[in-house]
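Residue-level structure breakdown
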Amino acid sequence: MSEKIIRVQSPDGVKRITATKRETAAAFLKKVAKEFGFQNNGFSVYINRNKTGEITASSTKSLSLLKIQHGDLLFLFPSGLAGPSSEMETSAPPGLKACGAPSVPFDEDYLNHLEPPVKHMSFHAYIRKLTGGADKGKFVALENISCKIKSGCEGHLPWPNGICTKCQPSAITLNRQKYRHVDNIMFENHTVADRFLDFWRKTGNQHFGYLYGRYTEHKDIPLGIRAEVAAIYEPPQIGTQNSLELLEDPKAEVVDEIAAKLGLRKVGWIFTDLVSEDTRKGTVRYSRNKDTYFLSSEECITAGDFQNKHPNICRLSPDGHFGSKFVTAVATGGPDNQVHFEGYQVSNQCMALVRDECLLPCKDAPELGYAKESSSEQYVPDVFYKDIDKFGNEITQLARPLPVEYLIIDITTTFPKDPVYTFSISQNPFPIENRDVLGETQDFHSLATYLSQNTSSVFLDTISDFHLLLFLVTNEVMPLQDSISLLLEAVRTRNEELAQTWKKSEQWATIEQLCSKCLPLPHRVAVGLSPFCRQRLCAEGCVCEPGPRRSRPRAPSVPVACSFRASMSTAPSGAPRTRPRPPCGPVSTAPS
């Protein structure tokens, strides 16, 4: 036979190259380059999968001399230093061009050689891997895991009296997820994080908040996504030194609406787990590490619940969604005993276990979860994970209990070298919502004080405060929800002219009047809004200094059923049997 077919495997798939017996290695490599769309120096071909036996572009050595026979399989690896050919450059997505990545953004060898190395490919790189074969992903379907019995099976009685292989959910073997939906969390500036930490600094109690921002391109990782945090909203809550309880928030929908008009969305949640170690040095305890845990089981369940409520839209999924871009951030002590911010997500498998109520926390071991057992009310598929025994053998274990590190995906959390400011920064900022316990209330007295201390000639700088805008919309005296759209558009586009137009409205004039009369006469404050208001206040003999703060009684709030402590009974194995109420941890340690 004068011709032979050589198979060449690349990250994009296997292609067949026709060659002659006397064909030189150089001529053969030119055919490979043309077939795969590379430049001559944009790849390397090896005889072995472990990158040994490289075939060089020799014009004297034939394939027969290299002992390459008909039907042999060779291995092609793109070069991370060489760019794609001009033909491929036109089809490369902007994300690849921006970061100088190779044509294969899911190549593990390339990701491992980045600085720092990337453990998880981006979700869009994972999609590129699935759709990069010969069929271009024609038959790719990203199925969401289900732990529930399929409905509509009429061949037997319903559970617990009957079940069959058609309706029975498959057993789950937990694997570490190779991709992540978000590759980086970035706070726009240090002020956003510092103001959130102030609550812990003043009380010693843990605190919770929602991250509002936007998703942008992360250029350091091929096809990566970054969650940029512009503001932190603090909902009603009860915090102690080692626990958090989230209360019902009647303003939640309004906050989301206002954020959307500002070009923002809820991208994640954040909580503190801080214990002061030395108050003189300002150090905190380093408690979350490889010897303890990074996220507790309760926190994993909470993260899974949040991610299920914020699904990621995906056209390759029959359900229209797959996974989530909702992130978890933890403010905790680092190895240097300083406050560090760590980012995480939980895997899609964890989301499924949480959504179908199959995962419980262990009461006496925060680093362990527990897969529920089937009962007459609920069928739970078996959940397994793989481990290494003392002899070095890989074994399969039943997830009762379960090390939660199988469910966690870590995300780098950073601050930019050049801070970004979606909202203005003031030395005397407007109080943050739901901090009545500190004596920091949002009312017209605090608004008058804020405006008197921020007398910038640029009205947009004064009014561009996320917490102030929320107060203007949600206050009970004069809510501006129906008349604040123009101002929100001015803040979103940084348009001072639009802000000045809104300032001339009747609504703002009423706000000025309320600020001028919000306190009794001996303690009125000249807020410096309009010359008319200031002149009238001074004529009445008001004191142009801030008066004493008045603590407003906190409105009664209904706790969300979210504490495990009052509802758990413990099985001999250390895992709860009763159905847990949705968590809103963190609880670093639970009472034993």
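Residues numbered from 1 in each chain as written. Predicted model: local features only at pLDDT ≥ 70, side-chain atom pairs only at ≥ 80, totals over all residues. Heavy atoms only, no water.

An unreviewed UniProt entry lists the protein under the name Nuclear protein localization protein 4 homolog, from Ursus americanus. The Pathway (unreviewed entry) comment attached to the protein in UniProt states, word for word, "Protein degradation; proteasomal ubiquitin-dependent pathway." As recorded by UniProt, the Sequence similarities (unreviewed entry) comment attached to the protein reads in full: "Belongs to the NPL4 family." (UniProt positions renumbered as here; feature names shortened; annotations may be inferred.)

1. Description of the overall build of the protein
Within the protein, the secondary structure is distributed over 16 helices and 25 strands. Evaluated residue by residue, the protein yields a buried proportion of 49% over its 592 residues. Taking all contacts inside the protein whose residues are at least 6 apart in sequence as the whole, residues at least 24 apart take part in 67%. Surface accessibility of the protein: about 29,800 Å² in total, with carbon and sulfur atoms responsible for 50%. (Helix = DSSP H or I, 4+ residues; strand = E, 2+ residues; numbered from the N terminus. Buried < 20%, exposed > 50% of the residue type's maximum accessible area, 1.4 Å probe, protein only. Contact = heavy atoms within 4.5 Å. Areas by Shrake-Rupley, 256 points an atom, 1.4 Å probe, with all protein chains shown as cover.)

2. Details of the nonpolar core
Residues L447, I463 and L472 are the most contacted members of the largest nonpolar core, which totals 74 residues. Ranked by residues supplied to this core, first place goes to helix α12 (residues 466-474) with seven residues. Setting aside anything within four residues of it in sequence, one finds L472 in contact with L447, I463, M478, P479, L480, I484, L487 and I511. Counting 23 residues, the second largest nonpolar core, distinct from the first, contains W200, I270, A329 and F341. (Core = buried A, V, L, I, M, F, W, Y, C linked by side-chain atoms within 4.5 Å.)

3. A closer look at the packing of aromatic side chains
Under the counting rule described, the total for this entry stands at 24 aromatic pairs. Between F187 and F415, the aromatic rings sit 5.3 Å apart at their centres with planes inclined by 20°, giving stacked as the arrangement. Here F415 lies in the loop between β25 (408-414) and α10 (444-453) and F187 lies in strand β8 (residues 184-187), a separation of 228 residues in the sequence. F415 sits in the partly exposed class, given a relative accessible area of 25%. (Phe/Tyr/Trp six-rings, centres within 6.5 Å; stacked < 30°, edge-to-face > 60°.)

4. A look at the environment of V354
Mapped onto the fold, V354 is located in helix α9 (residues 348-355). The exposure class of V354 is buried, given its relative accessible area of 13%. In the structure, V354 is positioned 49 residues away from D305 in sequence and 6.4 Å away in space, judged by C-alpha atoms.

5. Considerations on the sheet that holds strand β24 (residues 402-403)
Pairing is antiparallel in the open sheet, where three strands are placed in the order β20-β21-β24. Each edge of the open sheet is held by one strand with a lone partner, namely β20 (359-361) and β24. Where strand β21 (residues 368-371) meets β24, two bridges bridge the pair, whose relative direction is antiparallel. Within the sheet, the bridge partner assigned to G369 lies in β24 and is L402. In this fold helix α8 (residues 297-309) packs onto β20 and β21, with an angle of close to 140° to the strand it touches most, β20. (Pairing = 2+ DSSP bridges. Axes fitted to C-alpha atoms, helices over the stretch in contact; angles between N-to-C directions.)

6. A closer look at the confidence of the model for the protein
Across the protein, the average pLDDT comes to 82, with 80% of residues at or above 70. Segment residues 81-102 is flagged for pLDDT under 50; beyond a separation of four residues in sequence, or across chains, it makes 35 contacts in the model. (pLDDT = per-residue confidence, 0-100.)

7. Regarding the pairing of strand β13 (residues 265-273)
When you tally the buried positions in β13, you get eight out of nine residues, the bulk of the element. One ladder, built from six bridges, connects strand β9 (residues 208-218) with β13; its direction is antiparallel. By the bridge assignment, G209 is partnered in β13 with I270. Sheet analysis places β13 next to strand β18 (residues 327-333), joined by six bridges and oriented parallel. In the strand pairing of β18, D273 is matched with T332.

8. So, the packing of α10 against α12
Between α10 and α12, the shortest axis-to-axis distance is 12 Å and the interhelical angle comes to 140°. If you check the angle between α10 and α12, you find them oblique. Classified by chirality, the crossing of α12 by α10 is left-handed. Between α10 and α12, the contacting residues are F444, L447 and Y450 on the first element and L468, F471 and L472 on the second. Broken down by class, the residue content of the contact of α10 with α12 amounts to six nonpolar, no polar and no charged. (Parallel < 35°, antiparallel > 145°, perpendicular 65-115°, else oblique. Left-handed = near helix turned anticlockwise from the far one by under 90°. Nonpolar A, V, L, I, M, F, W, Y, C, P; charged D, E, K, R; others polar.)

9. Concerning unusual backbone geometry
Omega for the bond connecting W159 with P160 falls within 30 degrees of zero, at 15°, which places this linkage in the cis form. Relative to the helices and strands, P160 resides in the loop between α5 (123-130) and β6 (172-174). Along the chain, R400 connects to P401 via a cis peptide bond; the corresponding omega equals 5°. The phi dihedral of E357 falls on the positive side, at around 55°, and the residue is not glycine. If you trace the backbone, E357 turns up in the loop between α9 and β20.

10. Observations regarding the environment of I511
With respect to the element layout, I511 can be found in helix α15 (residues 506-516). Judged by its relative accessible area of 0%, I511 is buried. Residues I511 and L480, spaced 31 residues apart in sequence, show a C-alpha to C-alpha distance of 9.9 Å.

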